[in-house]
Amino acid sequence: MNGLHNIKSLTLDELKTWLKSVGEKPFRAEQIQNWLFRNQVENVEEMVNISPSLQSKMKEAFYIHSLTEELKKESVDGTIKWLFKTYDNHYIETVMIPTNGRFSVCVSTQIGCAMNCSFCRTAKMGFIRNLEAGEILEEIIRVNWHLKKAGILNVENNQAEVTNIIFMGMGEPLNNLENVHRTCCTLHNQKLFNMGRKRMTISTSGVVPKIKELVDRNTPCCLAVSLNSTNNEQRSAVMPVNKTWPIEKLLEATDEYTKRTDNYVTFEFVLIKGTTCTKETAKELIRICAPRRCKVNAIALNDGDDPHLEAPSTEEVDQFLEIVRAANVQITMRNPRGRDILAACGQLAYKQGTAESC
Ligand code: SF4
């Protein structure tokens, strides 16, 4: 944006280096981050303990906001979806899901996505670019602004703050790991967002080398994997990533994740009629999950997302769950949220050149 940088993307050390370069004291970095991420101010002028001359230097070098709100849609179930325009005129979507006084935010990490999963609308946009850490953090801050303006407090600490973050909006988070890692570290920082590791979940389609990198970096987050099928032929048909990293390689990586982090993995599983929601698949899912520390998060396909795929009936879903539960595999059926505003899993996308998100 006119050669300016996103100030929210900088780490504390990067901000200190910049302050030194413009003849300012490095300790101002903590104060500035406090204003950005704790007080979540809307303007530099609100940073009252920052001198007007430093405020001017900041405005010459950085922009504070990089997103503009284009649309906000509210579902009958309280889910809200925002359409944000980026500084370079692209569009991303962010979803807030309220549940019993807690607020989860599903953030986008890329504009579009290159993974081409057949059940996903974002895939149809293609890949445009990675979001910066500052842009991802701004998605969350803007939801906090909404809660604050509406006077809505969470039940956890009685603040107008989101309580959980899910990296499951547009994009493959592990293909943008540097920025996602920076985002998680800022969220986890006790002096800033103070969000516990268990409150942040990165959901991947299965980019195996990046799962290992996530462990090496010790990114403060939980891991969810979109498994969606139990055999390679089926999985490759809906998720092309499986052709590069088949299920065996994926499970090796999640086993290593579990061993090294002592966290369980959540397997996301989309139930599709005649394909993944069958008795045979339920038995294969047991074979995969029973020996592992994991849980399964199942969701029925969004009907109409793909003309070649069909949502299962309630009876088929119930039968699937019964078989899996009988083997003591922990499985929960996720309630689709925000379907009427196309905010549910796999429904996020923006039709470039139109006035509305699709
Ligand atoms: S499901 Fe996720 S990884 Fe797959 S195409 Fe959609 S956004 Fe990308």
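No experiment lies behind these values; they were computed from the predicted model shown. (Residues numbered from 1 in each chain as written. Predicted model: local features only at pLDDT ≥ 70, side-chain atom pairs only at ≥ 80, totals over all residues. Heavy atoms only, no water.)

Chemist: Could you give an account of the overall build of the protein, naming the residues involved and the relevant values?
Modeler: Within the protein, the secondary structure is distributed over 11 helices and 14 strands. Computed over the C-alpha atoms, the radius of gyration of the protein is 21 Å, within 12% of the 21 Å expected from 2.2 N^0.38 for a compact globule of 358 residues. With respect to the three principal axes, the spread of C-alpha positions in the protein is 70 × 45 × 40 Å. Within the protein, the fraction of its 358 residues that count as buried is 53%. Carbon and sulfur atoms make up 48% of the accessible area of the protein, which totals about 15,800 Å². In the protein, the 44 positive side-chain charges and the 43 negative ones have mean positions that sit 4 Å from each other. (Helix = DSSP H or I, 4+ residues; strand = E, 2+ residues; numbered from the N terminus. Rg over C-alpha atoms; globule rule 2.2 N^0.38 Å. Buried < 20%, exposed > 50% of the residue type's maximum accessible area, 1.4 Å probe, protein only. Areas by Shrake-Rupley, 256 points an atom, 1.4 Å probe, with all protein chains shown as cover. Lys, Arg positive; Asp, Glu negative; His and termini not counted. Charge placed at Lys NZ, Arg CZ, Asp CG, Glu CD.)

Chemist: Break down the sheet that holds strand E12 (residues 265-271) for me, with residues and values.
Modeler: Strand order in the open sheet formed by 10 strands is E3-E4-E5-E6-E9-E10-E11-E12-E13-E14, with mixed pairing between adjacent strands. Edge positions in the sheet fall to strand E3 (68-74) and strand E14 (331-333), since each of these pairs with one other strand and no more. Taken pair by pair, the neighbouring strands of this sheet meet at an average axis angle of 20°, ignoring direction. Contacts between helix H4 (residues 133-150) and the sheet are confined to E3, strand E4 (80-85), strand E5 (91-99), strand E6 (102-106) and strand E9 (164-167), with E5 contributing the most and set at about 50° to the helix. (Pairing = 2+ DSSP bridges. Axes fitted to C-alpha atoms, helices over the stretch in contact; angles between N-to-C directions. Contact = heavy atoms within 4.5 Å.)

Chemist: Any chance you could break down the environment of Ile141 for me, citing the residues and the numbers?
Modeler: With respect to the helices and strands, Ile141 occurs in helix H4. For the pair formed by Ile141 and Phe37, sequence separation is 104 residues and the distance between their alpha carbons is 7.9 Å. The contacts of Ile141, once residues within four sequence positions are left out, are Lys8, Leu36, Phe37, Gln40 and Phe193.

Chemist: Account for the site of the ligand, naming residues and giving values.
Modeler: Close to the ligand lie Cys113, Met115, Asn116, Cys117, Phe119, Cys120, Ala123, Gly171 and Ser205, which account for all nearby residues. Residue composition of the shell around the ligand, grouped by class: six nonpolar, three polar and no charged. (Near = heavy atom within 4 Å. Nonpolar A, V, L, I, M, F, W, Y, C, P; charged D, E, K, R; others polar.)

Chemist: So, the domain arrangement of the protein: which residues are in play, and what are the values?
Modeler: It is common to give the size of an interface as the accessible area that goes away when the parts come together. As far as domains go, the protein holds domain 1 (5-63) and domain 2 (68-341). Using only C-alpha atoms to locate each centre, domain 1 and domain 2 end up separated by 33 Å. Facing 15 residues of domain 1, the contacting portion of domain 2 comprises 17 residues. Of the roughly 1,300 Å² buried where domain 1 meets domain 2, counting both sides, 47% is carbon and sulfur surface. Contact with domain 2 buries surface across domain 1, with Lys8, Phe37 and Gln40 losing the most and accounting together for 40% of the total. (Domains from an automatic or database assignment. Buried area = accessible area lost by both parts, 1.4 Å probe.)

Chemist: Residue-level account of helix H9 (residues 247-261), with values.
Modeler: End to end, H9 covers 21 Å across 15 residues, agreeing with the expected 21 Å (1.5 Å per residue, within 8%). Those residues of H9 not exposed but buried are Ile247, Leu250, Leu251, Ala253, Thr254, Tyr257 and Thr258. Down the axis of H9, the smallest arc covering the buried residues is 160°, so these residues share one side. The inward-facing, buried residues of H9 abut helix H6 (208-217), strand E11 (222-226), helix H7 (232-238), helix H8 (241-244), E12 and helix H10 (279-289). After H9 finishes, the residue Asp262 shows a positive phi value of roughly 65°. (Expected span 1.5 Å × (residues − 1). Arc of directions from axis to C-beta.)

Chemist: Any chance you could break down the pairing of E5 for me, citing the residues and the numbers?
Modeler: The element E5 is largely enclosed, with a buried count of seven among its nine residues. Pairing geometry for E4 and E5, over six bridges, is antiparallel. Paired with Lys81 across the strands is Val95, a residue of E5. Connecting E4 to the antiparallel partner E5 that follows it, the hairpin turn spans five residues, and Asn89 within it adopts a positive phi of roughly 65°.

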